[in-house]
Amino acid sequence: MSNAKPRFTILVVDDEPVNVELLEAYLHSEHDVITAFNGFEAIESARKNNPDLILLDIMMPDINGFEVCKLLKGSKDTEHIPIIMVTALSNRDDRARAIEVGTDDFLTKPVDRVSLKTRVNSLLRLKALQDEIVRERDQAQNYLDVAGVMFLVLDNERNVKLINNKGCEILGYIEEEVIGKNWIEYFVPAYLKEEAEKIFKDVTTSSASRNVVVENVCLTKQGTEKIIRWNNVALRDAAGNITGTLSSGEDITDAKKAESLINIQKIAMDSASDGLAILNEKGEHVYTNEAHARMYGYECCSQLIGKTWELTYDPVDFDIFKTQYLPELLEKGKWTGENRGKKRDGTFFFQEVSLTRLDNGGIVCIVRDITSRKEAENRLQEYARNLKRSNELKDLFIDIMSHDILNPAGVAKGFAEILESEETDKDKLHNLGIIQDSISKILDTITSAANLARLESVDEIEFIDLDLNSMILEAIDAYNYEIHKVGLKIEYQESGPYYAKANPLISGVITNLLSNALKYGSKGGKIRIRVDDSNKEWKVVLTDFGDGIADSDKPSIFQRFKRLNVGDIKGHGLGLAIVKRTVDLHGGRVGVEDNPDAKGTQFWFTVKKSINI
């Protein structure tokens with residue numbers, strides 16, 4: 001092991017080269033000497049070479065030694081380098097100024113060799129001790145900085161004296177932004193300052209050296225709150241006086257959130273209406289919520305803990321599950337289906353079960369009592385069967401009307417026409433006319449009822465491209481005799497074609513609305529028909545100038561058997577119901593309004609345009 005005396009680096013600064021050479025001659029045998037010949041060069045060399053000591057002349061041409069010393073002592077990188085002022089100045093003011101700027105010692109020119117070596121070696125020894133202290137401090141700081149918890153030292157005024165990297169990381173600050181700040185003032189939320197002050201006093205006023213563990217909140221630079229679990233102890237000097245506190249803090253914010261979430265989830269599971277159970281690999285209950293226990297007829301959850309789930313099923317039902325459903329659970333990790341559970345008293349209930357297999361071989365089981373739903377399904381199925389029978393009876397009734405009533409009525413109408421053509425007696429002709437009208441109404445009602453029944457029995461119809469203009473013209477032509485008979489004028493400016501995506505049933509809408517207008521609007525002398533372009537739809541509007549329809553009747557006018565009784569005109573109330581159902585099947589709209597120009601009524605419907613033409 002070498003006992004050689006260590007060599008230090010000394011920076012000699014003087015604007016006189018001869019003075020530099022003299023000091024170098026005195027020192028070079030024991031130390032490494034570097035030189036500078038003005039103030040700026042001295043500052044640069046000190047920062048670059050980090051000497052162990054500086055011999056600094058005061059009187060220099062650029063900046064004097066006082067200014068150089070002040071700059072070096074004011075820098076964090078060079079503040080610990082000892083500086084000896086070497087000067088010919090000896091008055092008290094100069095020495096006071098040198099002390100003020102931070103010089104460590106003085107040497108008076110001309111420099112005595114013995115004094116020089118004595119002063120230099122003395123300061124170098126102090127520098128070596130100081131460097132050792134700094135190294136030990138830095139090593140201790142490194143230990144603190146690699147720790148996974150926050151370390152914090154406060155003095156008796158609650159000011160931060162030390163904080164490690166973890167603490168800065170938690171708070172979001174750099175060290176310089178924290179050191180010297182009052183902890184309670186800057187880093188504790190307003191609503192907790194009083195509590196934090198109480199904790200500090202509790203730690204620093206206790207006569208015993210004890211660890212005080214608390215959980216508290218601190219503020220980050222971003223203004224968010226962190227929950228910290230603190231271990232606090234009082235710091236004491238050599239005389240035993242308390243000088244502050246040392247605290248280690250663990251950030252438990254995420255852990256607290258997770259704990260809170262777990263508690264919320266447990267509350268949610270316990271208050272859920274569905275049954276929840278966790279089974280181990282042996283099929284034993286290790287957890288159940290209250291709903292699960294109640295569902296199976298148990299008073300509390302503990303009565304199921306440790307029991308296998310075979311207890312909650314009939315052996316036959318459980319065997320079906322093991323043979324039919326368990327393989328899917330083992331293969332896919334999940335299974336959902338319906339089963340039958342057995343209560344504690346031996347009764348059964350229908351249930352919907354969802355099973356999820358855990359990595360440890362256990363199973364999470366969610367159970368819902370669907371007894372009420374099953375009963376409702378049974379009632380619904382019974383209703384569906386009854387409805388099917390009703391529909392079959394309705395279809396039978398329509399077939400009877402269409403075949404067994406319609407045909408005889410048609411025969412009766414034919415013979416009535418023959419009798420009417422041969423009869424000359426006025427009274428008999430009047431009676432035959434009444435018979436004709438009555439039979440016509442019977443035929444019209446039966447036909448309309450059959451048509452509406454067929455429309456209501458279908459949910460979808462096929463669509464093709466049809467021209468509404470042609471349908472309107474055909475309807476006008478079909479009612480040409482009635483139009484001339486009552487002396488009506490039809491106003492329709494043909495400007496089609498109006499191609500629509502429709503079913504031929506749509507022609508029945510036009511004829512029904514035209515027939516309705518002929519019946520109720522004949523007094524007005526005319527019927528106006530038009531087709532409006534409504535973007536993606538055609539809007540067909542039929543306007544009459546008759547007596548109109550009361551506002552109270554309009555909301556229900558498209559309902560079945562809603563009759564409009566105007567004077568001696570009586571309807572069966574099916575025509576507009578057929579219109580509404582047909583338009584609904586086309587996905588269109590239908591409505592009725594007052595004639596905007598005069599007395600009367602305006603019916604309208606919409607149908608989608610054809611996009612292929």
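Parameters at a glance
- Residues numbered from 1 in each chain as written.
- Predicted model: local features only at pLDDT ≥ 70, side-chain atom pairs only at ≥ 80, totals over all residues.
- Heavy atoms only, no water.
- Pairing = 2+ DSSP bridges.
- Helix = DSSP H or I, 4+ residues; strand = E, 2+ residues; numbered from the N terminus.
- Axes fitted to C-alpha atoms, helices over the stretch in contact; angles between N-to-C directions.
- Contact = heavy atoms within 4.5 Å.
- Expected span 1.5 Å × (residues − 1).
- Bend = angle between axes of the 7 residues up to and from the residue.
- Buried < 20%, exposed > 50% of the residue type's maximum accessible area, 1.4 Å probe, protein only.
- Parallel < 35°, antiparallel > 145°, perpendicular 65-115°, else oblique.
- Left-handed = near helix turned anticlockwise from the far one by under 90°.
- Polar contact = N/O pair within 3.5 Å; in protein donor to acceptor, adjacent residues only side chain to side chain.
- Nonpolar A, V, L, I, M, F, W, Y, C, P; charged D, E, K, R; others polar.
- Salt bridge = Lys/Arg side-chain N within 4 Å of Asp/Glu carboxyl O.
- 1 Å grid on protein atoms, 1.4 Å probe; cavity = no way out; pocket = protein on both sides within 12 Å on 5 of 7 lines; lining within 4 Å.
- Points joined across faces, edges and corners; volume = space filled by probe spheres on them.
- Core = buried A, V, L, I, M, F, W, Y, C linked by side-chain atoms within 4.5 Å.
- pLDDT = per-residue confidence, 0-100.

This next bit is on the sheet that holds strand β11 (residues 275-279). Strand order in the open sheet formed by 5 strands is β12-β11-β15-β14-β13, and the pairing between neighbours is antiparallel. The open sheet terminates on both sides in strands that have one partner only, identified here as β12 (285-288) and β13 (334-342). Between one strand axis and the next, the sheet turns by 25 degrees as a mean value, whatever way the strands run. Sheet topology note: the β13/strand β14 (residues 348-357) ladder contains 9 bridges and is antiparallel. Each residue of the ladder has a partner; that of lysine 334, found in β14, is threonine 356. Each of β13, β14 and β15 (363-369) touches helix α12 (residues 315-332); the most contacted strand, β13, lies at about 165 degrees to it.

A rise of 1.5 Å per residue sets the reference length of α12, with its 18 residues, at 26 Å; its end C-alpha atoms lie 25 Å apart and thus fit the reference within 8%. At tyrosine 325, α12 shows its largest bend, some 50 degrees, and a proline, proline 327, comes one to four positions later. Buried within α12 we find Asp317, Phe318, Phe321 and Leu329. Close packing links the buried residues of α12 with β13, β14 and β15. Following α12 by one or two positions, glycine 333 adopts a phi angle in the positive range, close to 85 degrees.

Right, let's get into the pairing of strand β6 (residues 150-155). Summarising burial for β6: 5 of the 6 residues are buried, a large majority. The pairing of β6 with strand β10 (residues 242-251) spans 6 bridges and is classified as antiparallel. Bridging from a neighbouring strand, leucine 152 pairs with serine 247 of β10. Bridge count for β6 against strand β7 (residues 160-163) is 3 bridges, and the pairing is antiparallel. Bridge pairing in β7 places leucine 154 opposite valine 160. Between the antiparallel neighbours β6 and β7 lie 4 residues, among them arginine 158 with a positive phi of about 70 degrees.

Here we come to unusual backbone geometry. Note the cis peptide between lysine 109 and proline 110, where omega equals -10 degrees. For proline 110, the position within the fold is in the loop between β5 (105-108) and α5 (113-146). Look at asparagine 50: it is not a glycine, yet its phi comes out positive at around 50 degrees. Mapped onto the secondary structure, asparagine 50 falls in the loop between α2 (39-49) and β3 (53-57). Not every positive phi belongs to a glycine, and asparagine 535 is a case in point at roughly 65 degrees. Topologically, asparagine 535 is positioned in the loop between β19 (526-534) and β20 (537-544).

The axes of two packed helices give the description: the angle between them and the distance between them. Where helix α15 (residues 468-478) contacts helix α17 (residues 506-520), the axes come no closer than 9 Å and their chain directions differ by 40 degrees. Comparing the axis directions of α15 and α17 gives the class oblique. At the point where α15 passes α17, the crossing takes the right-handed sense. Residues Leu468, Met471, Ile472, Ala475 and Ile476 of α15 lie in contact with α17, whose contacting residues are Ile506, Ser507, Ile510, Thr511 and Leu514.

The next thing to look at is α2. Taken together, the buried positions of α2 are Gly39, Ala42, Ile43, Ser45 and Ala46. Among the structural elements, β1 (9-13), β2 (32-36), β3 and α3 (65-73) are those in contact with the buried residues of α2. For α2, the side-chain oxygen to backbone nitrogen distance between the N-cap and phenylalanine 40 is 3.2 Å, and the N-cap itself is asparagine 38. Two residues or fewer after α2 comes asparagine 50, characterised by a positive phi angle close to 50 degrees.

The geometry of α17 relative to helix α18 (residues 575-585) is characterised by a closest axis approach of 9 Å and an angle of 150 degrees between their N-to-C directions. What the angle tells us is that α17 and α18 run roughly antiparallel. By crossing handedness, the relation of α17 to α18 is classed as left-handed. Every residue of α18 that contacts α17 at Ile506, Val509, Asn512, Leu513 and Asn516 is listed here: Gly575, Leu576, Ile578, Val579, Thr582 and Val583. Considered class by class, the residues forming the contact of α17 with α18 number 7 nonpolar, 4 polar and no charged.

Oppositely charged side chains are able to pair whenever their charged atoms sit close together. Summed over the entire model, instances satisfying the criterion amount to 34 salt bridges. Linking arginine 373 and glutamate 352 is a salt bridge whose minimum nitrogen-to-oxygen distance equals 3.6 Å. Placement of the pair is arginine 373 in helix α13 (residues 371-422) and glutamate 352 in strand β14, with a sequence separation of 21 residues. Two residues, glutamate 491 and lysine 526, come together in a salt bridge whose shortest N-O distance is 3.6 Å. Placement of glutamate 491 in strand β17 (residues 489-492) and of lysine 526 in strand β19 is noted, with a sequence separation of 35 residues between them. Taken together, the shared-partner salt bridges connect Glu338, Glu352, Arg373, Lys374 and Glu377 into one network.

With that out of the way, let us pick up the side chain of aspartate 52. Within the secondary structure, aspartate 52 sits in the loop between α2 and β3. The exposure class assigned to aspartate 52 is buried, which follows from its relative accessible area of 17%. When near neighbours in sequence (up to four residues on either side) are disregarded, aspartate 52 contacts Phe8, Thr9, Ile81, Pro82, Leu124, Lys127 and Asp131.

The next thing to look at is empty space enclosed by the protein. In this structure the tally under the stated criterion is 4 cavities of 30 Å³ or more. Around the largest cavity, the lining comprises 18 residues; the ones closest to its centre are Leu154, Trp183, Ala196, Ile199 and Asn232. Elements represented by at least two residues in the lining of the largest cavity include exactly β6, α8 (183-187), α9 (193-205), β8 (212-219), β9 (225-236) and β10. Of the residues contributing to the lining of the largest cavity, the split by class is 13 nonpolar, 4 polar and 1 charged.

This next bit is on the nonpolar core. The biggest cluster of nonpolar side chains holds 36 residues, and the ones touching the most others in it are Leu468 and Phe605. Here this core takes 7 residues from α17, the largest share from any one element. By size, the runner-up hydrophobic cluster in this structure holds 25 residues, among which are Val160, Ile184, Phe187 and Val217.

For the protein chain, the mean per-residue pLDDT works out to 83, and 86% of the residues sit at or above 70. Here residues 566-570 scores under 50 on pLDDT; set against residues more than four positions off or in separate chains, the count is 6 contacts.

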